[in-house]
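# Summary of structural features
This is what each chain is made of:
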Amino acid sequence: MALSVRSWVANEGGKHLVLVLWLGANTLLFMRTFLMYYCGQQYHYLHQMLGLGLCISRASASVLNLNCSLVLLPMCRSLLTYLRGTHTVRSRKARRLLDKSKTFHVACGVAICVFSVVHVSAHLVNVVNFSVRYSEEFPSLNVARYRGEVRFPGITGILLVLILFLMFTASSYCIRVSNYEIFWYTHNLFIVFYIILIVHVVGGALKYQTNFEAHPPGCLRANQTNPDKTEEESGQAVGDGWSCREEARFQPNSPETWLWVSGPLCLYCAERLYRYIRSYSPVTIVAVVRHPCDVIELRMLKKDFKAHPGQVKRFTELLLPDPGAESEILPMVQQRRYPKLYVDGPFGSSSQEVFNYEVSLCVAGGIGVTPFACVLHALLDGWRHFRLRRLYFVWVCRELQSFYWFAELLCALHHKLWKENRPDYLNLQLFVSQTDGLQNISEERYRPLSSRLMIGRPRWKLLFEEIGRTNKHKRVGVFCCGPKGISRTLHGLCNSDRYSGTTFEFNKESFS
């Protein structure tokens, strides 16, 4: 499949530019710090004692400071939602980059783990060198109390490694899917991690020379001669100013971590406090409906809240204790006691951009249709004030019964568009992939769906070619929420160059 440069730039250019800038900042900071400790006069004696372990440990620490400050920013979800929703970020390309915030968070997290290993390894080398290269000449530089003593890192370093290990392992896909609570609670150790990180460097094991002008590195002290030079050369060196005017003085490095992380940490804590206050009042559950294929619809009321519910697991047992009950809709005065439900959000997502294209393609796989329910509801309320003029909606399910989740909504939107003489506004295609025991949608009220129901899987290339032919030289927004196989296929097709100059901009929804 040939690659279209224009489509690649539209879909991949922004995130690759951010990646290059991020990698460049990490590389530049690493090299700058490495060279400062390798060549800097103030670290001459310390470098003589510790060697490359000093340079690598400090350079990796600088990279850790940068990424520990950046990793929090993508998780300020309310702030990102505000920037997207109010169109403070006017560029659509920039708003699409906000959808990659989780990816950037993961990249920073991986960098923290990798450079933590480098940092710890370099410090273990430093521990050995502090012992082996004990300095009799400059006792204040030593960490060991005598030659041959091995003093292990402080308790803060050990705690940081332990917490980071717990957070990293609990972030794995298998743990997040099998037991999300483990991921949630271990990630909330971040506040302990940052507190320990800020105080980690207090104590100053690594020291720099403060008077290298009065005591140039390598100068000859009183009653000291250079064994590699003759007496005449040594005297000449002293006469040229290479003698020490005073003893070398050393002091610990000033802590810098707090300068890096205090701003993002305060911003994130303020966001979490705002989200806690906003979600403090429980919502009122007014209806619980059990749909086919073990899907639960939850209807609730909350002041100034417009988001739709997502998926749940064990929560179903609390909402519908009777497994045979299909639904429960009770008057407010007769409602039983439901469990208290607190809702955090709503948060922005890529589906908000559906209405900012003239033509959009929404592809849902199974329960992945949920994020697009708000799109359908918005069109049902009124489509004329949106920029969107044509919507292709493709929904793929394994079982026929799954289409009943939003059958009434799809039919209502179909009838509305027909009454307003715009039947071509919505191009609806339903695919059922499992053909065993297949039955038609026989209900009369769902007849518009039965005529659009197809067996098998979509032929994506033909669909893209059709959209490309009918929308030449336009930008088409492609929105996908479903299995990774469908996402990869659509992503690849969006970057191909076979669609008559039409540019397909790929956007991916995710429940995780």
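Preceding this paragraph is the structure being described.
A brief look at the structure comes next. Since the structure is predicted, the reported quantities are computational estimates derived from the model, not experimental observations.

What counts as what
- Residues numbered from 1 in each chain as written.
- Predicted model: local features only at pLDDT ≥ 70, side-chain atom pairs only at ≥ 80, totals over all residues.
- Heavy atoms only, no water.
- Helix = DSSP H or I, 4+ residues; strand = E, 2+ residues; numbered from the N terminus.
- Buried < 20%, exposed > 50% of the residue type's maximum accessible area, 1.4 Å probe, protein only.
- Contact = heavy atoms within 4.5 Å.
- Areas by Shrake-Rupley, 256 points an atom, 1.4 Å probe, with all protein chains shown as cover.
- Pairing = 2+ DSSP bridges.
- Axes fitted to C-alpha atoms, helices over the stretch in contact; angles between N-to-C directions.
- Disulfide = S-S within 2.5 Å.
- Parallel < 35°, antiparallel > 145°, perpendicular 65-115°, else oblique.
- Left-handed = near helix turned anticlockwise from the far one by under 90°.
- Right-handed = clockwise from strand over helix to strand, strands pointing away.
- Core = buried A, V, L, I, M, F, W, Y, C linked by side-chain atoms within 4.5 Å.
- Phe/Tyr/Trp six-rings, centres within 6.5 Å; stacked < 30°, edge-to-face > 60°.
- Nonpolar A, V, L, I, M, F, W, Y, C, P; charged D, E, K, R; others polar.

Time to look at the overall build of the protein chain. Looking only at helices and strands, the protein chain has 18 helices and eleven strands in total. For the protein chain, with 512 residues in total, the buried portion stands at 44%. When contacts within the protein chain are restricted to residue pairs at least 6 apart in sequence, long-range pairs at least 24 apart make up 77% of them. Surface accessibility of the protein chain: about 28,400 Å² in total, with carbon and sulfur atoms responsible for 59%.

In this section: the sheet that holds strand β9 (residues 453-455). Spatial ordering of the open sheet is given by β9-β8-β7-β6-β10-β11, a layout of six strands whose pairing is parallel. The sheet terminates laterally at β9 and β11 (503-508), the two strands that pair on one side only. Across the sheet, the axes of successive neighbouring strands diverge by a mean angle of 20°, strand direction being ignored. Bridge count for strand β8 (residues 426-432) against β9 is three bridges, and the pairing is parallel. The residue bridging Val432 from the neighbouring strand is Ile455, located in β9.

Relative to the helices and strands, Tyr180 is located in helix α9 (residues 180-187). Spatially, the C-alpha atom of Tyr180 lies 8.9 Å from that of Ala170, the residues being ten residues apart in sequence.

Taken across its six residues, β11 has five buried, putting it largely inside the fold. Two elements, strand β10 (residues 475-481) and β11, share six bridges in a ladder whose sense is parallel. Bridged to Val476 within β11 is Phe504.

Applying the stated criterion to the full structure yields one disulfide. Across the disulfide from Cys219 sits Cys244; the S-S distance is 1.9 Å. Judged by the sign of its S-S torsion, about 110°, the cystine formed by Cys219 and Cys244 is right-handed. Separated by 25 residues along the polypeptide, Cys219 in the loop between β1 (207-209) and α11 (231-242) and Cys244 in the loop between α11 and β2 (250-252) bring together distant segments of the chain. On the accessibility criterion, Cys219 (6% relative accessible area) is buried. Free cysteine Cys39: the closest other cysteine sulfur is in Cys55, separated by 8.1 Å. Residue classification places Cys39 among the exposed positions, given a relative accessible area of 53%.

Close contact between helix α3 (residues 52-70) and helix α6 (residues 101-132) brings their axes to 8 Å; oriented N to C, the two are set at 155°. On the basis of the axis angle, α3 is roughly antiparallel to α6. Crossing handedness for the pair α3 and α6: left-handed. Every residue of α6 that contacts α3 at Gly53, Leu54, Ile56, Ser57, Arg58, Ser60, Ala61, Val63, Leu64, Asn67, Cys68 and Leu70 is listed here: Phe104, Cys108, Ala111, Ile112, Phe115, Ser116, Val118, His119, Ala122, His123 and Asn126.

With phi around 60°, Asn421 is a residue other than glycine that occupies positive phi space. Among the structural elements, Asn421 can be located in the loop between α15 (407-419) and β8. Notably, His473 is not glycine yet its phi reads approximately 60°, a positive angle. Mapped onto the secondary structure, His473 falls in the loop between α17 (460-470) and β10.

Right, let's talk about the pairing of β8 for a bit. Here β8 lies mainly inside the structure; seven of its seven residues are buried. Pairing between strand β7 (residues 390-397) and β8: seven bridges, direction parallel. In the sheet register, Trp395 faces β8, and the bridge partner there is Leu430. This β-α-β element, β7 to α15 to β8, shows right-handed connectivity.

Moving on to the nonpolar core. Core analysis: the largest hydrophobic core is formed by 41 residues, its most contacted members being Leu379, Phe393 and Trp395. Elements supplying a minimum of two residues to this core: β6 (359-365), α14 (373-381), β7, α15, β8 and β10. In terms of residue count, the dominant contributor to this core is α15 (six residues). Judged by nonpolar contacts, the second largest core, of 22 residues, contains Ile163, Leu197, Val261 and Tyr268.

Residue placement: Val286 occurs in strand β3 (residues 284-291). For Val286, a relative accessible area of 18% corresponds to the buried category. The spatial distance from the C-alpha of Val286 to the C-alpha of Leu301 is 7.2 Å, given a sequence separation of 15 residues.

A separate point is the packing of aromatic side chains. Summed over the entire model, instances satisfying the criterion amount to 20 aromatic pairs. On the basis of an interplanar angle of 10° and a centroid distance of 6.0 Å, the ring pair of Phe34 and Tyr38 is categorised as stacked. Remark: Tyr38 and Phe34 occur in helix α1 (residues 5-39); sequence separation between them is four residues, near one turn of the helix. Owing to a relative accessible area of 17%, Phe34 belongs among the buried residues under this scheme.

A separate point is the packing of α6 against helix α7 (residues 155-170). Look at α6 against α7: their axes get within 11 Å of each other, and the N-to-C directions meet at 150°. Relative to α7, the element α6 is oriented roughly antiparallel. You can see that α6 and α7 cross each other, and the crossing is left-handed. Counted together, Ile112, Cys113, Ser116 and Val120 of α6 and Val161, Leu164 and Phe168 of α7 form the full contact between these two elements. Tallied by class, residues from the contact of α6 with α7 come to six nonpolar, one polar and no charged.

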